[in-house]
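Each chain, written out:
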Amino acid sequence: MGIPLNQMARIGAYILKNEIARTKRYPLVLMLEPLFRCNLACAGCGKIDYPAPILNQRLSVEECLSAADECPAPVVVIAGGEPLLHRELPQIVEGLLAKGKFVTVCTNALLMEKKLSQYKPHKNFNWSVHLDGDSAMHDKSVCQTGVYEKAVSAIQAGKAAGFRVNINCTLFNDADPENVARFLTTLKPMGVDGITISPGYAYERAPDQKHFLNRQATKTLFRAILKRGGGQKWEFFQSALFLDFLAGNQTYHCTPWGNPTRTVFGWQKPCYLLGEGYAKTFQELMETTDWDSYGTGNYEKCADCMVHSGFEATAVKDAVKHPLKALAVALRGPRTDGPMAPEIPLDRQRPAEYVFSRHVEHKLEEIRARKAEAEIPADAAE
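Here the structure is a predicted model, which is why all the values come from computation and not from measurement.

Draft legend 1. Fine view of the overall build of the chain. Within the chain one finds 15 helices and nine strands. Expressed as lengths along the three principal axes of its C-alpha atoms, the size of the chain is roughly 75 × 50 × 45 Å. Expressed as a percentage of its 382 residues, the buried residues of the chain come to 56%. Long-range pairs, those at least 24 residues apart, make up 77% of the contacts in the chain between residues at least 6 apart in sequence. Looking at the chain as shown, the accessible area adds up to about 17400 Å², and 53% of this sits on carbon and sulfur atoms.

Draft legend 2. Focus on the packing of helix α6 (residues 135-142) against helix α7 (residues 147-160). Two elements in contact, α6 and α7, have axes separated by 8 Å at closest approach and are oriented at 110°. Between α6 and α7, the interaxial angle falls into the category roughly perpendicular. In this structure, α6 uses S135, H138, D139 and V142 to contact α7, whose residues at the interface are V147, Y148 and E149. Here the contact of α6 with α7 is built from residues that sort into three nonpolar, two polar and two charged.

Draft legend 3. Expanded view of the state of the cysteines. On inspection of all chains with the given rule, the structure shows zero disulfides. With no disulfide partner, C71 has as its closest neighbouring cysteine sulfur the one in C64, 13 Å distant.

Draft legend 4. Region of interest: the pairing of strand β8 (residues 266-270). Taken across its five residues, β8 has five buried, putting it largely inside the fold. In this structure, strand β7 (residues 261-263) lies alongside β8, joined through three bridges in antiparallel fashion. Bridge pairing links T263 to G266 in β8. Between β7 and β8, which follow one another and run antiparallel, lie two residues. Where β8 and strand β9 (residues 275-279) come together, three bridges link them in antiparallel fashion. Bridge pairing in β9 places P270 opposite G275. Counting the residues in the hairpin turn of β8 and β9 gives four residues.

Draft legend 5. Region of interest: the pairing of strand β4 (residues 125-130). By the criterion of burial, β4 is predominantly enclosed, with six of the six residues buried. Neither face of β4 is left uncovered, since the one carrying F125, W127 and V129 and the one carrying N126, S128 and H130 both have all their residues buried. Looking at chain direction, strand β3 (residues 102-107) and β4 are connected through five bridges and run parallel. Counterpart to C106 in the pairing with β4 is S128. Both β4 and strand β5 (residues 164-171) contribute to a ladder of five bridges, which runs parallel. The residue of β5 that forms the bridge with H130 is N168.

Draft legend 6. Summary view of the packing of aromatic side chains. All told, the structure shown has 18 aromatic pairs when counted by the stated rule. Their ring planes at 45° and their centres at 5.7 Å tell us that F36 and F265 sit as a pair that is tilted. You can see F36 sitting in the loop between β1 (29-32) and α2 (52-55) and its partner F265 sitting in the loop between β7 and β8, a full 229 residues away along the chain. Comparing F36 with F265, the two get one shared label, buried. The interplanar angle of 85° and the centroid separation of 6.3 Å between the aromatic rings of W234 and F236 together place this pair among those described as edge-to-face.

Draft legend 7. Spotlight on the side chain of E312. Structurally, E312 can be placed in helix α12 (residues 308-321). Lacking a salt bridge, the buried E312 has K325 as its closest oppositely charged neighbour, with an N-O distance of 13 Å. Filtering out sequence-adjacent residues up to four positions away, E312 remains in contact with Q238, S239 and F242.

Draft legend 8. Inspection of α6 at higher detail. Buried residues of α6: M137, H138, D139, S141 and V142, and no others. The backbone nitrogen of A136 lies 3.3 Å from a side-chain oxygen of the residue at the head of α6, namely D134. A positive phi of about 60° marks C143, the residue just after α6.

Draft legend 9. Broad picture of the sheet that holds β4. Read across the sheet, nine strands follow the order β6-β5-β4-β3-β2-β1-β7-β8-β9 without closing on themselves; strand pairing throughout is mixed. Looking at strand neighbours, the two that pair on one side only are β6 (194-199) and β9, the edges of this open sheet. On average, adjacent strands in this sheet sit at an angle of 30° to one another, irrespective of strand direction.

What counts, and at which threshold
Residues numbered from 1 in each chain as written. Predicted model: local features only at pLDDT ≥ 70, side-chain atom pairs only at ≥ 80, totals over all residues. Heavy atoms only, no water. Helix = DSSP H or I, 4+ residues; strand = E, 2+ residues; numbered from the N terminus. Buried < 20%, exposed > 50% of the residue type's maximum accessible area, 1.4 Å probe, protein only. Contact = heavy atoms within 4.5 Å. Areas by Shrake-Rupley, 256 points an atom, 1.4 Å probe, with all protein chains shown as cover. Axes fitted to C-alpha atoms, helices over the stretch in contact; angles between N-to-C directions. Parallel < 35°, antiparallel > 145°, perpendicular 65-115°, else oblique. Nonpolar A, V, L, I, M, F, W, Y, C, P; charged D, E, K, R; others polar. Disulfide = S-S within 2.5 Å. Pairing = 2+ DSSP bridges. Phe/Tyr/Trp six-rings, centres within 6.5 Å; stacked < 30°, edge-to-face > 60°. Lys, Arg positive; Asp, Glu negative; His and termini not counted. Salt bridge = Lys/Arg side-chain N within 4 Å of Asp/Glu carboxyl O. Polar contact = N/O pair within 3.5 Å; in protein donor to acceptor, adjacent residues only side chain to side chain.

Interpretation note: all reported values are geometric properties and have no functional meaning in isolation.
Written out as structure tokens, the structure reads:
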């Protein structure tokens with residue numbers, strides 16, 4: 001596994017503490033989105049479809065560190081948008097590390113080499129470079145040629161500078177198992193420390209709606225990929241049971257509160273992938289979200305989701321509760337043939353609600369009000 005032992009031990013101890021205390025819901029990873037602006041426009045992305053006034057918003061250093069104080073998760077993943085467009089990201093990373101957090105910065109790597117000197121290697125810090133396959137696969141995914149080569153160069157520069165560097169890989173229904181397996185085999189010689197792999201989520205605002213995977217297709221694809229792994233040492237930066245779930249061998253319900261998300265809108269309800277409401281504080285998010293109304297079998301938008309941000313927390317908690325099962329899967333690898341675990345029935349799920357435009361309009365009104373207030377002369381306000 002590509003997860004450092006100190007991180008595994010800390011997270012395991014954190015889960016055990018909460019389980020012993022019988023805490024009903026607790027977070028594992030804080031998803032921090034300090035901005036939505038990006039320097040790419042990927043066809044499968046639903047994170048950047050906002051008007052310019054919202055794309056110009058940034059969470060301050062103080063807001064980011066305050067989010068980490070509110071949310072007790074031991075891990076902070078900084079995403080976006082493209083986080084490296086945030087001028088104060090180095091201070092944010094430094095502040096989070098000073099708080100004892102494990103910190104991952106997700107990046108498309110276009111700015112990584114230019115910005116690398118602003119960061120220092122740390123045992124609890126790693127880069128996560130977006131890489132959806134080989135040159136042809138990745139450049140098609142991000143809708144721009146030459147991005148793969150820049151990402152590989154940035155990975156090598158990061159390793160040369162002493163950083164841990166992972167990759168995050170998202171797969172869609174046009175992924176070829178043979179090509180994906182071949183790509184995964186190239187990563188260790190490249191110097192990559194760990195792999196995060198996941199099926200894409202069907203964002204309702206994504207430009208490309210044709211290539212998202214349904215659950216059966218996801219399981220079939222991952223069985224085909226993992227079967228081709230054979231004796232290859234693919235270093236995954238995720239739990240063996242999550243990979244076993246992707247291969248159709250575990251019936252898991254998602255844990256949406258496992259990866260709570262703080263954005264420029266506030267604390268996002270219910271999860272990193274769905275923005276159907278926002279809370280002002282982490283406590284309000286946990287106490288006011290109707291968690292039982294979301295997830296596969298509960299909500300139409302969640303029907304095909306098998307993404308790590310929803311199910312990794314479920315798998316990690318299962319591993320802590322059932323260590324022998326987790327060890328067996330880690331040693332032998334996920335099963336790639338035979339019957340699959342039962343699927344969650346969808347006959348009682350509630351229909352999708354479409355609330356994106358309402359949230360955007362509320363945010364625009366807030367921005368306009370702040371701008372108007374700032375333009376009032378001081379003597380006129382008295």
